[in-house]
Structure formats: structure tokens, C-alpha cells
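Residue-level structural notes
Okay, here's what each chain looks like letter by letter:
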Amino acid sequence: MRNGAEDEALFTDSDILLGSWEAAEELGIDLSDSLAVSGISKQQLLSPKTFLGYHQVVTFLDDVAARNRCPHFGFYVAKHQQPFRFGALAQVSKLCSTVGESLAKSFKYTQLYNQASLWQVCEEGDYIVMKRQQRVAYTGSMVQLHLLAVTLMVKAARDLIKGNYPVTSVSFSHARPENSEIYSRYFQAPVNFDQDYDGYVFPKSYLSIPIATADPELLAIVEEHLSGLLSEKTDQDVIENVRTLIRANLGTNLCNLDGISQLMGKHPRALQRELKEFDVGFRDLLIEIRQEVAEHYLQSSNISLVDLADMLGYNNVSAFSRAFKVASGQSPQEWRQLYA
């Protein structure tokens, strides 16, 4: 599991906090103390051309919300942001032929811009469920970052089709705050709290909506550029790529050495040799990711141990509990009581 020092090594584009100043002005709050606590300067907050530690971003958002008794701060930040921030990745979204293609290609390249989280796309009957997942365990509050991320995703989708986005429902894992009606008014859909995930649901038919700005020729050029970056990243950071694929495929038949090797286009023995160069094995990474994900859900949701064990790919709750206790020294129930 990542420790505090490793969390501090994760960086994110400072664009994620654009809109904070405007949100503060709308809400009538002062950001000075929260900037000092998180180690962020005013210039860093206003500049789109810098990087911040992931822990700084989370600390800043949470401190503003707590200090000013404003449980909606992340939501207001997203409202003031531009829906597309990441250069070439934003272009991919706009150049695709349909919303479905845009989602698929955007998530293909998103790891170039975000080390700490990913979106899982789940098909459930006539609906698509979008779930935000953390790639790293974090012991602090993630409420404000989840609010920001979910709101921004819906906002980007609305901008993409230049019309109303047919959101069926929105879910957050934290408790219902006061004045929660602002969310249902904004999303124009039911908003549920104390859920097992942060994300939203929309009709599957939405995937076939055409995008007016589609340009297949330009898309091919942009993709060539991004594919080159992705290939370079893969070559330089095999451990992080394995971690990402394990996290994305937990609980499926692909979450094993053979399956992950196949997804990476490598022979299992070749992947084992590459990992050995970093003095780590595939099983070590699988155990690490399972523990991170388990701690995240135990801390931020009321998910049952049965469902969590299944999500993580264990055969039963007993196997999950044994593995968790070996890693943390505590049973899942004991850990949840201490940190939830």
C-alpha cells in the first residue's frame, strides 16, 4: 500500500483547481488559510501551467469546506471550470463521431493526465453507470474531490453535445449534506447519498448521439500523438501500468498474470522479468491493490464485506478477511471502526 510519502509523490495538473477563486467569490469565503495549510500559492491556484501534489489538492479542497462550513465547495469549483482542460485529450473527445466513441477513446488516454483515479464504465441493461475509482488509498476526506470530478464529467458531457445531458441519477458515497437540493437542480435528476460509489447513470442510447464537431482525419492525427505518449509511458513505467490494469479488472477473470499480460500485449514470463527488474512480483502488486481498494471502500462506504470480497476477486469473506489482516494487522471490521 502507498504510504504518505508515496502519496506526496503523485502529481496532478493544477488545472484541477481552476475555478476555486471564482467559487470562493460567489460563496464569499477567504482561501488564504486553506492555501497556507495545503502549501499552495495564489499563483499556483490561478496558473494553468504547473503541477501540484495530489495530497495538496485533496487537503486544499477539504480544508476550505471544513473551515468555512461549506460542504458544496468542490461542486462550486466544478461549476466555474471549463469542461475540457487537457489539451490533446479534450480534442479527442470533440473529434469523435459519437458519444460512445468519445468515452472509449478518452478513457484510453486518460492515464497520461491522471495518476490517482480512473473512471469505470459499467453496462447495466439499458443504462450506463459511470463510477469514479481511486487508484491509490488516501486516509483523508475525498468528498470534495468526488463532488468536483462527478460534476465536471456531467458538465463536459453537456458541452460535448451542446444540449441537455440525460442524466438518470447521480450517486455520492458521502452522507447527505444540508441544502442538497442544489445538486438535483443542477443535475436535473435524483441525487443519492451514502452509496457504494461516486458517479452517475445515463441511458445507454445516449452513446449513439452524434458529435457535431467530429473530424475523423484530425482525430487520427491526435490519436497518433497520444498513442506515442502512451507507448512511451508504458515503456518507462511498467509497474504503474500493471497497477492500473489490476485495479480496472479486479474481480474479473482477467485479473491474473496471464490476463494482465494479455492486456499489455506481453508474454507472462516477459512481464515477470520486467517486474523483477524493479524487485517486485505480480502477486505483490495484486495484494497491494486489493488492500488499497478494500481500505477505500471500508472507509468511504457502507458496502458489505460479502460484496467487497466479491468485488476484489476473493472466493469468500473468510479469504478476504485473512488477507486483509495479514496486510494491516486488523480485521476489516476493526479497521472500519477505527478509520471510517
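Up top is the structure these notes are about.
Residues numbered from 1 in each chain as written. Predicted model: local features only at pLDDT ≥ 70, side-chain atom pairs only at ≥ 80, totals over all residues. Heavy atoms only, no water.

Across its full length, the protein chain carries 18 helices and seven strands. The 340 residues of the protein chain split such that 51% are buried. Counted over contacts in the protein chain with a minimum sequence separation of 6, partners at least 24 positions apart contribute 69%. On the protein chain, roughly 16,300 Å² of surface is accessible, and the fraction owed to carbon and sulfur atoms is 49%. (Helix = DSSP H or I, 4+ residues; strand = E, 2+ residues; numbered from the N terminus. Buried < 20%, exposed > 50% of the residue type's maximum accessible area, 1.4 Å probe, protein only. Contact = heavy atoms within 4.5 Å. Areas by Shrake-Rupley, 256 points an atom, 1.4 Å probe, with all protein chains shown as cover.)

The next subject is unusual backbone geometry. Of note, the phi angle at Gln-188 is positive, near 55 degrees, even though the residue is not glycine. With respect to the helices and strands, the residue Gln-188 is situated in the loop between α10 (181–187) and β6 (191–192). One non-glycine residue, Asp-279, lies in positive phi territory at about 60 degrees. Tracing the sequence through the fold places Asp-279 in the loop between α14 (268–277) and α15 (282–300).

A few words now on the pattern of salt bridges. One pass over the structure, following the stated rule, counts nine salt bridges. Here Arg-67 makes a salt bridge to Asp-33, at a shortest N to O gap of 3.9 Å. Here Asp-33 lies in helix α3 (residues 32–38) and Arg-67 lies in helix α5 (residues 54–67), a separation of 34 residues in the sequence. Classification of Arg-67 by relative accessible area gives partly exposed; the value is 40%. Its relative accessible area of 47% is what places Asp-33 among the partly exposed residues. (Salt bridge = Lys/Arg side-chain N within 4 Å of Asp/Glu carboxyl O.)

Time to look at helix α16 (residues 305–312). Among all positions of α16, only Leu-305, Leu-308, Ala-309 and Leu-312 are buried. Take α16 and look down its axis: the buried residues cluster within an arc of 100 degrees, on one side only. Structural note: α16 exposes Val-306 and Asp-310 on the side pointing more than 90 degrees away from its buried face. In the core, the buried residues of α16 are packed alongside α15, α17 (317–328) and α18 (332–339). (Arc of directions from axis to C-beta.)

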